[in-house]
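# Close look at the chain arrangement
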Amino acid sequence: MSRALALIDGNSFYCSCERVFDPTLARVPVIVLSNNDGCAIARTAEAKVLGIRMGEPFFKIREMCRSQGVRVFSSNYTLYGDMSARTNAVFRDFSPRVEIYSIDESLLDLSDVRADRRVELARDLRATVRAWTGIPTCVGIGPTKTLAKLANHIAKSVPDLDGVCDLTDPVAYDHWLCRISVSEVCGIGRASLAKLEALGVDTVADLRDLDPRPVRKAMTVVGERIIHELRGLACLPLELMPAQRKGCAFTRSFSSRITDRATLEQAVSAHATRLGEKLRRGGLATNHVSVFYHTSEHDRADPIRAVSTTVMLPEATSDTLALIKAALLGVAKTWREPGGRAAVALQQGRRDHHRPDAAGGQPAGVDRADGPRALGPADGGDRRLQRALGRWCRRAGARGRAGEAGLEHEVRDADAALHDAGE
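Residues numbered from 1 in each chain as written. Predicted model: local features only at pLDDT ≥ 70, side-chain atom pairs only at ≥ 80, totals over all residues. Heavy atoms only, no water.

## Details of the packing of helix H11 (residues 261–281) against helix H12 (residues 320–334)
The line we're drawing: Note on geometry: axes are lines fitted to C-alpha atoms, helical ones only across the stretch in contact, with angles between N-to-C directions running from 0 to 180 degrees. Strands are runs of DSSP state E lasting at least two residues, helices are runs of H or I lasting at least four, and both sets are numbered from the N terminus onward. For any pair of crossing helices, the crossing counts as left-handed if the nearer helix is rotated counterclockwise from the farther one by less than a right angle, and right-handed if it is rotated clockwise. Any pair of residues with heavy atoms lying within 4.5 Å of one another is described as a contacting pair. Residue type decides the class: Asp, Glu, Lys and Arg count as charged, Ala, Val, Leu, Ile, Met, Phe, Trp, Tyr, Cys and Pro as nonpolar, and the leftover types, Gly among them, as polar.
Relative orientation of the contacting elements H11 and H12 amounts to 145°, with a least axis distance of 8 Å. Where H11 crosses over H12, the handedness of that crossing is right-handed. Residue-level contacts link Arg261, Leu264, Glu265, Val268, Ser269, Ala272, Thr273, Leu275, Gly276, Leu279 and Arg280 of H11 to Thr320, Leu323, Ile324, Ala327, Leu328, Val331 and Ala332 of H12. Here the contact of H11 with H12 is built from residues that sort into eleven nonpolar, four polar and three charged.

Now the structure itself:
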């Protein structure tokens, strides 16, 4: 059978997740804001009709949202990650070969499904995901990743297709490629679009029919690969195993200028705690931690000041207390009245092969005699640890009260269904 990949993604995924737990949001304009409530990163169809654009700064549309009854939510990535895991569990009931493309998109291998059954299966998949998770989806089917992504765009844009487009069908392939703008092809940005327009390319079919050699010269091997993918020649394999994380960071902005070291230390301790959670979740450890912060770029009265430092650890670890200790040392080395933003990051993590429990080992130079042992690498261990530590854990700064630190983001209880930032 011919190769067939189905790309399924959630419609306005973040907004749909919020709607799952609040039926009153149905048919109401909803937007979800980025970290620190900076700009709109998800919009329902009703919000799009009002003219709210992707990436629109919230301060520009705040009054319009109030007057038009738009429900505004701070982003809740704990909720969205959980809903993503639920939808992918459904996908695996339909195909054992699933690539998690992003938090709201996955690719399924349907090569073993007969060509005349693929659309029917895709509609059954949409209905099952909606019934079991409450998330509306669209499905695009194609012989390559690029064509599957394009088919998904068509499925979203054309209501008559009922949320499914199959470009493995030669009739549909010929029909749609000459009608879709080349700007809708995944991998074609503004710079590439200008080069293609100079070559006389308007539609996807025009790009497909180009000679790959001049395109490679103008757009590197990426452009040549896109042409081959549009012709049905797979250049991008299905990645069933997620790539190992090479680095992770946790950053937040402050709502006002910070002038005392204690507040910064509290925020950095909270960041280090979250960093440890990410490392343990991936079974990783690190031997260094970077701390950086800078003054606000919008403060015109004083020059922008940015500082950073890297603290080396005696051995690779994911232990929360070791990371907090290193982060606080970084603050001590660089402190001098910061301002707008603080972060804790590592540029390169590594798989922890030295012990089976990445959180359970004793990092060198850290005295754990006065605290309980680490409970395990999973998030469940973190929650049990937080409950067990109580006042001791808070004294270490592990929870890092965002309100007291002046952090400009909404901290929502992981057990709460949702929080309306506008209320």
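## Describing the sheet that holds strand E1 (residues 5–10)
The condition is simple: Two strands pair under a simple rule: DSSP has to find at least two bridges between them.
With mixed pairing, five strands are arranged side by side in an open sheet as E5-E6-E1-E7-E8. Of all the strands in the sheet, just strand E5 (98–102) and strand E8 (164–166) have a single pairing partner and so form its edges. With strand direction ignored, the average angle separating the axes of adjacent strands in the sheet is 15°. In the sheet, strand E7 (residues 137–142) pairs with E8 via three bridges, with the strands oriented parallel. For Val139, the partnering residue across the bridge sits in E8 and is Val164. Each of E1, strand E6 (105–109), E7 and E8 is contacted by helix H5 (residues 118–133), which is oriented at about 155° to E7, the strand it contacts most.

## Examining helix H3 (residues 58–68)
How we decide: Note on classification: 1.4 Å probe, protein chains only; a residue is buried when its accessible area is under 20% of the maximum for its type, exposed when over 50%, partly exposed between these limits. To be clear, the arc concerns the directions from the helix axis to the C-beta atoms.
For H3, every residue scored as buried is listed here: Phe58, Ile61 and Cys65. Seen end-on, H3 carries its buried residues on one side only, within an arc spanning 75°. In this structure, H3 carries Phe59, Lys60, Glu63, Arg66 and Ser67 as exposed residues pointing more than 90 degrees from its buried face. In this structure, the buried side of H3 is in contact with strand E2 (30–33) and strand E4 (71–74). Among the residues trailing H3, Gly69 stands out with phi positive, at a value near 75°.

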